Amino acid sequence: MDEQARYPMAAKAATEDVYMDDVLSGADNPEEALEMRIQLDEMTQRGGFRLRKWASNCPLVLRGIPETDLAIVKVEGVELDPDPAVRTLGLVWHPGADVLKFRFKIPETSRTEILSKRRVLSVIATLFDPLGLIGPVITSAKVFMQLLWCLEDEKGRKLDWDQPLPSVVDTEWRNFQAQLPQLNKLVIDRCVIQPKAANVELHIFCDASVQAYGACAYTRSVSSSGNVKVVLLTSKSKVAPLKCQSIPRLELCGALLAAQLSERILEAIKMDVEVFFWTDSTCVLQWIKAVPSTWTTFVANRVAKIQGLSEKRIWRHVSGNLNPADLISRGVKPDQLKGCSLWWKGPPWLWTDKDTWPNQGNSLISEEVAKEGRRTTAHCTNQQEDFSSWYVQKFSNFTDLVRCTAYWLRLMDILRKVEPTKRRYGVLQVSELREAEYVVIRRMQQNVFNGEWKVLSAGGTVARSSPLRWFHPRLSQDKLIRVGGRLEHSSEREGTKHPIVLPARHPFTKRLLEHYHHKLLHAGPQLLLGAIRLQYWPLGGRSVAREVVHQCIRCFRVKPKTVEQFMGELPAARVTVSRPFSNTGVDYFGPVYVRLTPRRAAVKAYVAVFICMCTKAVHLELVTDLSTERFIQALRRFIGRRGRVTDLYSDNGTNFVGARNQMKQLFVLLKSREHHEAVARECTKDEIQWHFNPPSAPHFGGLWEAAVCESSSSPSSSDITAAAAAAQYPSSR
């Protein structure tokens, strides 16, 4: 400070740009840089110090310095290095191209060499990156090291420093370490701000995941001609704590890290720049916007720090897929980092005008209701809350309820320090899901049937006022109230012999019926209740099943409507006044068994039903078989008894069709004979018109079909016997 008045530029660089025994400084143009170098050299010499290893990206600045004092020595006629470099602060600077590179010396690990925590940590320690330019790769290494701290050996103890790693973890780290030399191929532009930039902005993005949270900063400089340049400046990441935290809280920690990073950057660059903060969490934006005292202690403390560090700064919302901080929070493999444009250049819209930047954050903030961090007031009441109902209502379906409960039971085994050999890992097993289901039912029965539970546990019987008194309940070995009965020695399943009792209006019962309703492809109430009762017995289950089916939206949408066909017009024969049996319908029913004489065996016979189309009168004729000849005989007897028929209606029975064909042949024969000319004319007058229904249309003959149903049981045995005797001697007409 003694020489500050004589060497102002050198004094400023000495107080602000010195790290250990290195001076790292610069200027806006070569003239100022040359003057600073001269002042530094003279000032330090007056103090008895000699500056050496000078390096610059501008050869003019190094003019006049002895070659022994240069960081890069050039020998005339000999090219030692086509692109000489200077190492400083873990980085390699190439002054000629003015770029930064990494030169990590990754130790080689043979396939036979045993990997341990000590070995992995020594490799991670070689990745020295003070600026955070390879932050996503460092995050992956940190997360992997955190995983090693949580691993246990076969005896349940933490892995020692020199213990071999499990095979899966060993393979994962070897693949990661094999990609680390790819980092030495990165080439990073040292200059982050355009020369003589008209406007310089600092954009800081933050994000969080289950594994880590972090922030990255970008400089956006706009030249006087309107050219935009966006460059990654620095980044910072932290591994998420082992204590489980919600994603919104981790996002808030990432926002605090972004605010702290901005403070460090502004102290270092000492420039008046406009700072923008970006996050993809609308919940964090709501927290930062409100007064800290609104939220709980965890949220309030961090919000207060963020508001203090980022005072009068702009917090905005950015889409998650365009947030570069997402890369540092989740980690990136070394071979993927070089081609990641989002990490090195930021989101594409940052290179455009401000009018195209995301601006939907304001509307999202005003509508967001961040309930997680809000302070709540507890109210005490005398009524004990039903924990089972509260717990079940946290889940929208039965499957999620059972699976989440099974995972909670696994966690309880870990907290209780169950022996590792008895712990369960991997995919949930059927036994675990069944155990989780029984745990929920047991807690529900203890809450709803508290009195019955105590009585049955003591070996007694339920009171006469209990709703379970009709089911003779019993407490099974799994401590569940089941329906009693007399099927104890049956070979059926336990659920079939003694179903589990479920309360009628409990949320669990409704979730269970909804699950079976979808499982059975939207079964109706009857099928749903029948399937449920194979294992459970819900009280008032019929009404609950109807309610579940009635409230199903899909069933409501596809519910079929009954088609009510409008009845057609009656045929003319049904509505025209005529002589009885002039319009007749005919059909058969049977078989019936008749005895021709008392001593003879019963034989099979059929009954021909003739019905008047107008009066609906019925005439029965017995026929011994279904042949055409027998039907013609029955028809002759009917005409001889009831008179001539003008129109005869029937279905497409083969005997009816054959009878019509024979009558046509008989009619043609009679009509062709000369000596029977008079008889033919009479037959022509008395010709019967036969009408057949369309094929496969029995509803056309509803009149005689109904008569068949009524007449099939009306004839007495004596009538049939008498008719059988008459049938042996058909009429000659």
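Just so it is clear, the model here is predicted, and its values are computed rather than measured.

Rules used in this analysis
Residues numbered from 1 in each chain as written. Predicted model: local features only at pLDDT ≥ 70, side-chain atom pairs only at ≥ 80, totals over all residues. Heavy atoms only, no water. Axes fitted to C-alpha atoms, helices over the stretch in contact; angles between N-to-C directions. Helix = DSSP H or I, 4+ residues; strand = E, 2+ residues; numbered from the N terminus. Parallel < 35°, antiparallel > 145°, perpendicular 65-115°, else oblique. Left-handed = near helix turned anticlockwise from the far one by under 90°. Contact = heavy atoms within 4.5 Å. Buried < 20%, exposed > 50% of the residue type's maximum accessible area, 1.4 Å probe, protein only. Nonpolar A, V, L, I, M, F, W, Y, C, P; charged D, E, K, R; others polar. Disulfide = S-S within 2.5 Å. pLDDT = per-residue confidence, 0-100. Salt bridge = Lys/Arg side-chain N within 4 Å of Asp/Glu carboxyl O. Pairing = 2+ DSSP bridges. Core = buried A, V, L, I, M, F, W, Y, C linked by side-chain atoms within 4.5 Å. Expected span 1.5 Å × (residues − 1). Polar contact = N/O pair within 3.5 Å; in protein donor to acceptor, adjacent residues only side chain to side chain.

### Observations regarding the packing of helix H3 (residues 117-125) against helix H4 (residues 135-150)
- Here H3 crosses H4 at 160°, and the two axes come no closer than 11 Å. If you check the angle between H3 and H4, you find them roughly antiparallel. Viewed along their axes, H3 and H4 form a crossing whose handedness is left-handed. For the pair formed by H3 and H4, the contact residues are Lys117, Val120, Leu121 and Ile124 on the first element and Ala141, Phe144, Met145, Leu148 and Trp149 on the second.

### Looking at the environment of glutamine 146
- Structurally, glutamine 146 is set in helix H4.
- Those residues in contact with glutamine 146 that sit more than four places away from it in its chain are Val239, Ala240, Pro241 and Leu242.

### Quick notes on the side chain of histidine 517
- As for its placement among the helices and strands, histidine 517 is situated in helix H18 (residues 507-519).
- We classify histidine 517 as buried; its relative accessible area is 1%.
- If near-sequence neighbours (up to four positions away) are discounted, histidine 517 is found in contact with His522, Ala523, Leu528, Val548, Val549, Cys552 and Cys555.

### Things to note about the packing of helix H1 (residues 8-16) against helix H2 (residues 30-46)
- Two elements in contact, H1 and H2, have axes separated by 8 Å at closest approach and are oriented at 80°. Considering their axes alone, H1 and H2 lie roughly perpendicular with respect to each other. Between H1 and H2, the residues in contact are Pro8, Met9, Ala10, Ala11, Ala13 and Ala14 and Glu32, Glu35, Met36, Gln39, Leu40 and Met43, respectively.
- Among the residues forming the contact of H1 with H2, the class breakdown is 9 nonpolar, 1 polar and 2 charged.

### A few points about the state of the cysteines
- Tallying each qualifying case throughout the model produces 0 disulfides.
- Just so you know, cysteine 216 is unpaired, no disulfide at all, and the nearest cysteine sulfur is the one on cysteine 206, 8.9 Å from it.
- Free of any disulfide, cysteine 555 has its nearest cysteine sulfur in cysteine 552, 3.5 Å distant.

### What about the confidence of the model for the protein chain?
- Averaged over every residue, the pLDDT of the protein chain is 82; the share at 70 or more is 86%.
- Ranking the elements of the protein chain by mean pLDDT puts helix H27 (residues 717-727) last, at 42, and strand E8 (residues 212-222) first, at 95.
- In this model residues 362-370 is a low-confidence stretch, pLDDT under 50, and it forms 13 contacts with partners more than four residues away in sequence or in other chains.

### Brief notes about the pattern of salt bridges
- Summed over all chains, the structure comprises 17 salt bridges.
- A salt bridge links aspartate 478 to arginine 482; its shortest N-O distance comes to 3.2 Å.
- In this structure, glutamate 621 engages arginine 637 in a salt bridge whose closest nitrogen and oxygen atoms are separated by 2.9 Å. In this pair, glutamate 621 is assigned in strand E18 (residues 618-623) and arginine 637 in helix H23 (residues 628-642), connecting sequence segments 16 residues apart. For the pair shown, glutamate 621 and arginine 637 are each scored as buried.
- In the salt-bridge network here, residues are joined through shared partners; they are Glu201, Arg220, Glu274 and Lys354.

### Here we look at the sheet that holds strand E16 (residues 583-594)
- The sheet built from 5 strands is open, its strands ordered E18-E17-E16-E19-E20 with mixed pairing. Each edge of the open sheet is held by one strand with a lone partner, namely E18 and strand E20 (689-692). Pairs of neighbouring strands in the sheet enclose a mean axial angle of 30°, with direction left out of account.
- The pairing of strand E17 (residues 603-612) with E18 spans 6 bridges and is classified as antiparallel. If you follow valine 607 over to E18, its bridge partner there is leucine 622.

### Quick look at the nonpolar core
- Among the nonpolar cores identified, the biggest contains 50 residues, and Leu183, Phe205 and Trp343 are the most heavily contacted of them.
- No other element matches the 6 residues that H4 contributes to this core.
- The contact partners of leucine 183, leaving out residues within four places of it in the chain, are Phe102, Phe104, Leu127, Ile134, Val137, Pro334 and Leu337.
- Ranked by size, the runner-up nonpolar core spans 36 residues in total, among them Leu256, Val273, Trp287 and Trp315.

### Focus: helix H14 (residues 398-415)
- End to end, H14 covers 26 Å across 18 residues, agreeing with the expected 26 Å (1.5 Å per residue, within 8%).
- For H14, the full list of buried residues reads Phe398, Leu401, Val402, Thr405, Ala406, Leu409, Arg410 and Asp413.
- Those residues of H14 that are buried lie in contact with helix H13 (387-392), helix H15 (430-448) and H18.
- Sitting at the head of H14, asparagine 397 places a side-chain oxygen 3.3 Å from the backbone nitrogen of threonine 399.

### Quick look at unusual backbone geometry
- The omega angle of the peptide bond from glycine 590 to proline 591 is 5°, so this bond is cis rather than trans.
- Inspection of the secondary structure assignment puts proline 591 in strand E16.
- Phi is positive for aspartate 98, close to 55°, though the residue is something other than glycine.
- Among the secondary structure elements, aspartate 98 is positioned in the loop between strand E4 (91-94) and strand E5 (99-101).
- Residue aspartate 98 is classed as buried on the basis of its relative accessible area of 13%.
- At histidine 472, a residue that is not glycine, the phi angle is positive and equals roughly 50°.
- Here histidine 472 shows up in the loop between helix H16 (450-457) and strand E12 (474-475).
- Among the residues examined, histidine 472 registers a relative accessible area of 61% and is labelled exposed.

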